[in-house]
Amino acid sequence: MTATFWIKALQLIASLGLLVFIHELGHFMWARIFGVRVEKFYLFFDVGLKKLGINWDGSLLKFKPKKSDTEYGVGWVPLGGYCKISGMIDESMDLEQMKQPEQPWEFRTKPAWQRLLIMIGGVLNNFLLAIIIYAGMVYYWGEQYIPYRNSDMGMAFSTSAEKIGFRDGDIPLSADGKQLHYMNADEVQAMVTAKQVKVLRNGTDTVTINVPNKFIFDAEKDAKGGEPFIDYRIPVIVESTMPADGAAKAGLVKGDRIVKIDTIDNPDYHEFTQQLALYKGKAVAMCYDRGGKIDSAMVEVSSAGKIGIGLRPITQIYKVEAKQYSLLGSIPRGIEMGCTQMVNYVSQFKYIFSKEGAQSLGGFGAIGSIFPDTWDWSRFWELTAFLSIILAFMNILPIPALDGGHVLFLLYEIIFRRKPGDKFLERAQMVGMTLLIALLLWANGNDIYRWIIKPFIN
């Protein structure tokens, strides 16, 4: 396995480990506040191997402080964690305990409102963690961005985007009436899930583009093929050349701007690379601007479609706007970012129930793949905050075996003033566990098909 794999895997384990710890800590904290005994608090799963004839309980580390009822530990399966609360029907399915007389320290003896807070504690912690991470990011790094209006060449759009009416050079204005400012995950999400997007075309015309339902899947296919839905159009300005490669041989130097390649006038970077791909192993005619003077040259293209140039960074081409936040100022911005991400994810969640959505589900491999090839703290925390939002929302879904399932039954108890029977809760828990295992197998099966079976078939 490559170093890249292990870097991604380490980031995934670190991120999920933190999120699960914070989630279970939410249950633990509220349980302790209300005097409920927590029997075990584990990071990762301590899956024992006794059925295989190995006398090991599955824990890498465990300890129980004096005068404490809780055993703390670390399991060997780095895919989650758990908090075992006394007197509660949960994934441990400890039914023997439920047959014993009720005890005052047990979950089942507490008022419904206290049990409700214990159950939503994990979700609240994950949402608060996302807000804290976002606030910390903007406080430490601030926000740097290039407004759409600062891009002299406008934006570049994918093939699917062009099919529904977008054009290279368009500048986004609004999505379903919400004003758009600069390219980020929230605004891209808003555009691909909107019903209407307004853009500025040719610097003067406002054009309304009707976005089809489920367009998000077409945008995702483009992105997986290396064609993002939207990107800044960047002029091709030479920052450096590689000795003995085509550009250096043709006399190109730092500061030259390619204004024509073959028959394409004023190409952006995407158009430039597409045209180079047509001339692999050949020479292509180019015109370049050097200090206001236009010159031309025949430039050799390598078999890989390269001419050996480094491009001037976009931050040195377009004006970058920066915003710094004080400690107090970062808090409302963190709340805003957390709420926006939650709204965007909830609006996107409905597509899971479509055929395309089911096929796009991914497991641990898909989640790990979104982390960068090298360790980048800014990207790590951004993805961790986003995964924390997802974990919060998924856990509050009214599915037995999830926190949301317990919340649903507690709300029933509060409204109708009677508890669901233990037998019903046991069966509901089993049904929920079956659904979750099936979903886990499906999602990770999709990963196996995409990365192993499908390439082999093709």
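Our subject is the structure listed above.
Throughout what follows, the structure given in this document is the object of discussion. Bear in mind the structure is a predicted one, so any value in this text is a computation, not a measurement. (Residues numbered from 1 in each chain as written. Predicted model: local features only at pLDDT ≥ 70, side-chain atom pairs only at ≥ 80, totals over all residues. Heavy atoms only, no water.)

Let us now look at the overall build of the protein chain. Within the protein chain, the secondary structure is distributed over 14 helices and 18 strands. Here the protein chain holds 458 residues, and the buried ones make up 42% of them. Here the protein chain has roughly 25000 Å² of accessible surface; of this, 61% comes from carbon and sulfur atoms. (Helix = DSSP H or I, 4+ residues; strand = E, 2+ residues; numbered from the N terminus. Buried < 20%, exposed > 50% of the residue type's maximum accessible area, 1.4 Å probe, protein only. Areas by Shrake-Rupley, 256 points an atom, 1.4 Å probe, with all protein chains shown as cover.)

Right, let's talk about the nonpolar core for a bit. Core analysis: the largest hydrophobic core is formed by 28 residues, its most contacted members being F166, M191, V197 and F229. At the level of secondary structure, the elements contributing two or more residues to this core comprise strand 6 (155-157), strand 7 (171-175), helix 5 (185-193), strand 9 (196-201), helix 6 (215-224) and strand 11 (230-232). A per-element tally of this core places helix 6 first, with four residues. Residues contacting F229, with those up to four places away along its chain left out, are A156, F157, S158, A161, F166, V188, M191, V192, F215 and A219. One finds F371, F380, L387 and F393 within the second-largest nonpolar core, a separate group that totals 27 residues. (Core = buried A, V, L, I, M, F, W, Y, C linked by side-chain atoms within 4.5 Å. Contact = heavy atoms within 4.5 Å.)

Next up on the list: the side chain of S158. As for its position among the elements, S158 is in the loop between strand 6 and helix 4 (159-163). Within polar-contact distance, the side chain of S158 engages the side chain of D222 at 2.8 Å. (Polar contact = N/O pair within 3.5 Å; in protein donor to acceptor, adjacent residues only side chain to side chain.)

Now for the environment of P172. Examined against the element boundaries, P172 turns out to sit in strand 7. You can call P172 buried: its relative accessible area is 2%. Taking the C-alpha atoms as reference, P172 lies 9.7 Å from E187; in sequence the two are 15 residues apart. The contact partners of P172, leaving out residues within four places of it in the chain, are Y148, M155, L180, M191, K198, V199 and I230.

Moving on, we get to the sheet that holds strand 7. Pairing is antiparallel in the open sheet, where four strands are placed in the order 8-7-9-10. Of all the strands in the sheet, the pair left with one neighbour each is strand 8 (178-179) and strand 10 (205-210). Bridge analysis of strand 9 against strand 10 gives six bridges, and the strand direction is antiparallel. Bridge assignment links R201 to a residue of strand 10, and that residue is D205. (Pairing = 2+ DSSP bridges.)

Take the environment of Y232 next. As for its placement among the helices and strands, Y232 is situated in strand 11. Exposure remark for Y232: the relative accessible area of 8% places this residue in the buried category. Along the backbone, Y232 and R450 are 218 residues apart, and their C-alpha atoms lie at a distance of 29 Å. A distance of 3.3 Å separates the side chain of Y232 from the backbone nitrogen of M183, its partner in a polar contact.

The terminal C-alpha atoms of helix 13 (residues 403-416), which comprises 14 residues, lie 20 Å apart, in line with the 20 Å expected from a rise of 1.5 Å per residue. For helix 13, the set of buried residues is D403, G404, G405, H406, V407, F409, L410 and E413. A positive backbone phi angle near 60 degrees is found at R417, which sits one or two residues after helix 13. (Expected span 1.5 Å × (residues − 1).)

Another point: the packing of aromatic side chains. Enumeration according to the criterion identifies 28 aromatic pairs in this entry. The interplanar angle of 35 degrees and the centroid separation of 6.2 Å between the aromatic rings of W56 and W76 together place this pair among those described as tilted. One end of the pair, W56, is in the loop between strand 1 (38-45) and strand 2 (59-63); the other, W76, is in the loop between strand 3 (71-75) and strand 4 (77-85), with 20 residues separating them in the sequence. Residue class for W76 comes out partly exposed when judged on its relative accessible area of 37%. Positioned above the aromatic ring of Y42 is the side chain of K40, whose terminal nitrogen or guanidinium carbon lies 4.8 Å from the ring centre. (Phe/Tyr/Trp six-rings, centres within 6.5 Å; stacked < 30°, edge-to-face > 60°. Lys NZ or Arg CZ within 6 Å of the ring centre and 35° of its normal.)

Turning to the sheet that holds strand 1, a few remarks are in order. If you trace the four strands from one edge of the open sheet to the other, you get 2-3-1-4, paired in mixed fashion. Only two strands of the sheet have a single neighbouring strand rather than two, namely strand 2 and strand 4. The mean angle between the axes of side-by-side strands here comes to 15 degrees, regardless of whether they run parallel or antiparallel. Relative to strand 1, helix 1 (residues 3-33) is tilted by about 170 degrees, and along the sheet it contacts strand 1, strand 3 and strand 4. (Axes fitted to C-alpha atoms, helices over the stretch in contact; angles between N-to-C directions.)

Compared with the 33 Å implied by 1.5 Å per residue over 23 residues, the 33 Å span of helix 9 (residues 327-349) between its first and last C-alpha is a close match. Looking at helix 9, one finds that the buried residues are S330, R333, G334, M337, G338, Q341, M342, N344, Y345 and F349. Each element contacted by the buried residues of helix 9 is listed here: helix 3 (112-140), strand 5 (143-145), helix 5 and helix 12 (377-395).

Now for the pairing of strand 9. Every regular strand shows the same layout, with side chains that alternate between the two sheet faces. By the alternation rule, side chains of strand 9 split into V197, V199 and R201, which are all buried, and Q196, K198 and L200, of which none is buried. Connecting the antiparallel pair strand 9 and strand 10 is a turn made up of three residues, with N202 showing a positive phi of about 60 degrees.

Take the packing of helix 3 against helix 12 next. In a pair of packed helices, the angle between the axes and the distance between the axes together describe the arrangement. Running from N to C, helix 3 and helix 12 point in directions that differ by 155 degrees, and their axes come no closer than 8 Å. By the criterion of interaxial angle, the relationship of helix 3 to helix 12 is roughly antiparallel. The two elements helix 3 and helix 12 meet at a crossing, and its hand is left-handed. Counting all contacts with helix 3, which are made through V123, N126, F127, L129, A130, I133, Y134 and M137, the residues of helix 12 involved are S378, W381, E382, T384, A385, F386, S388, I389, L391, A392 and N395. Among the residues forming the contact of helix 3 with helix 12, the class breakdown is 13 nonpolar, five polar and one charged. (Parallel < 35°, antiparallel > 145°, perpendicular 65-115°, else oblique. Left-handed = near helix turned anticlockwise from the far one by under 90°. Nonpolar A, V, L, I, M, F, W, Y, C, P; charged D, E, K, R; others polar.)

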